[in-house]
Amino acid sequence: MAPRRVDRSEISICGKYFVFFVNFAILVVSPILLGFGIYILVLKEKSVSTWIDFFLDPSVWLVITGAIGSVIAFLGCFGALREITPLLRIYYWSVNFLILIELFLICFIFIFTFSPDILKNLNIYPQDLLKDAVVKYRDDPDMQDFIDNIQTDLGCCGYSDSADGYKDWNANPYFNCSSENNSFEKCAVPHSCCIIEDGDAINLLCGADAQSDELANSKFAPNINKGGCLWVLRTYLMNNILVVGGVMIGSLIPQLLLVHFSRSLRDQILVQLSKWQRN
């Protein structure tokens, strides 16, 4: 008698456990981010009441990232482990949706860098969002730290797409140059605008009177970064667009692999089920 041929499974073990282990790792990290974000919001009794709180508050983004990551990773992890086709179907469509959002952001960044007039024609003004952050600088400690970190890391001052962005701080009630302002920070800029050499101590009053027209052109002018953050960011992107574009596109590759393997796994499970039904 001829030996009986072994009926092999249609399911790829490599694809199955690739989807499982990647999503298991995400499922471990995401709840930690979610819990940490909620802890910050509760500890500081923060309320998200405006768009500026939603878009520029790091703790809010920790909550959003942790929640979305937990749900999607759960679908992929248990869908692959238990070979549940409905979970895998929801999973790969969810990842596809995230990829579309990322592609939209990539297009937005390229338009912002090379064709900002297109955004103006569409009535999209990124500086309006950042202006609200500047106005609330002294009212929210987290927002203050966020802006200080951005201005320090980028070497910028203010929010606008202008070489004179430091003048944007005139919109803040504590830093404006109006005669009604009795603050000791009148006509100043935050210390994060100052150019500080390595090893130098931070002087919180280093930006005093930086917005004053008389002082701006004198030899006693504060040593500050004058370009707005959007202007500095756009200049950086233009000078490093190949690297930035490569990193953005490269980050899509693992996600596309997850979509491919999860969809293939679902199809393999359905083929295997049909074989069992025939037998």
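Residues numbered from 1 in each chain as written. Predicted model: local features only at pLDDT ≥ 70, side-chain atom pairs only at ≥ 80, totals over all residues. Heavy atoms only, no water.

**Quick notes on the pattern of salt bridges**
The condition that has to hold: Any Lys or Arg side-chain nitrogen located within 4 Å of an Asp or Glu carboxyl oxygen qualifies as a salt bridge. Note on conventions: DSSP H or I runs of at least 4 residues are helices, E runs of at least 2 residues are strands, and numbering of each starts at the N terminus. A 1.4 Å probe rolled over the protein chains alone gives each residue an accessible area, and that area as a share of the maximum for its type sets the label: buried under 20%, exposed over 50%, partly exposed in between.
Tallied over the full model, the rule gives four salt bridges. Residue glutamate 83 is joined to lysine 16 by a salt bridge in which the shortest nitrogen-to-oxygen separation is 2.9 Å. Linking glutamate 83 in the loop between helix H3 (58-81) and helix H4 (85-114) with lysine 16 in helix H1 (residues 13-43), this pair joins segments that are 67 residues apart in sequence. By relative accessible area, glutamate 83 is classed as partly exposed at 27%.

**Overview of the nonpolar core**
Nonpolar side chains tend toward joint burial in soluble globular proteins. Definition in use: Only buried Ala, Val, Leu, Ile, Met, Phe, Trp, Tyr and Cys residues count toward a nonpolar core, and they belong to the same one when joined by side-chain atoms within 4.5 Å. Any two residues having at least one pair of non-hydrogen atoms within 4.5 Å are treated as being in contact.
Grouped together as the largest cluster of nonpolar side chains are 25 residues, with contacts concentrated most on Ala80, Tyr91, Val95 and Leu265. In this structure leucine 265 touches Ile11, Lys16, Ala80 and Leu88, once residues within four positions along its chain are discounted. Of all hydrophobic cores here, the second largest spans 16 residues; its members include Cys157, Trp169, Ala188 and Ala210.

**Observations concerning the packing of aromatic side chains**
Going by this rule: In summary, the pairing rule links any two rings of Phe, Tyr or Trp, Trp by its six-membered ring, whose centres are within 6.5 Å, and it sorts them by plane angle into stacked for under 30 degrees, edge-to-face for over 60 and tilted for everything else.
Enumeration according to the criterion identifies 11 aromatic pairs in this entry. Their ring planes at 80° and their centres at 5.0 Å tell us that tyrosine 137 and tryptophan 169 sit as a pair that is edge-to-face. Placement of tyrosine 137 in the loop between helix H6 (126-135) and helix H7 (141-154) and of tryptophan 169 in the loop between H7 and helix H8 (213-216) is noted, with a sequence separation of 32 residues between them. The exposure class assigned to tryptophan 169 is buried, which follows from its relative accessible area of 0%.

**Observations concerning the layout of surface pockets**
Summary: where empty space remains is shown by rolling a probe the size of a single water molecule over the atoms. Put simply, the rule is: The rule is simple: put a 1 Å grid over the protein atoms alone, call a set of points where a 1.4 Å probe fits but cannot get out a cavity, call an open set with protein on both sides within 12 Å along at least five of seven lines a pocket, and count a residue as lining if it has an atom within 4 Å of a point. Grid points are joined across faces, edges and corners, and a volume is the space filled by probe spheres set on the points. Residue polarity follows a fixed list, in which Ala, Val, Leu, Ile, Met, Phe, Trp, Tyr, Cys and Pro are nonpolar, Asp, Glu, Lys and Arg are charged, and the others, Gly among them, are polar.
Of the pockets and cavities examined, the second largest pocket occupies roughly 180 Å³. What lines the second largest pocket is a set of 15 residues, among which Arg138, Phe184, Glu185, Leu204 and Leu205 lie closest to the centre. Here the residues of the lining of the second largest pocket sort into nine nonpolar, three polar and three charged.

**Description of the UniProt feature "transmembrane region" (unreviewed entry) in the protein**
Note the threshold: UniProt positions are given in the numbering used here, feature names are shortened, and annotations may be inferred rather than shown by experiment.
With numbering matched to this structure, UniProt assigns "transmembrane region" (unreviewed entry) to residues 20-40, 60-81, 93-114 and 241-259. The span residues 60-81 is 100% helix and 0% strand, and its two end C-alpha atoms sit 31 Å from each other. A helix fraction of 100% and a strand fraction of 0% characterise residues 93-114, whose end C-alpha atoms lie 32 Å from each other.

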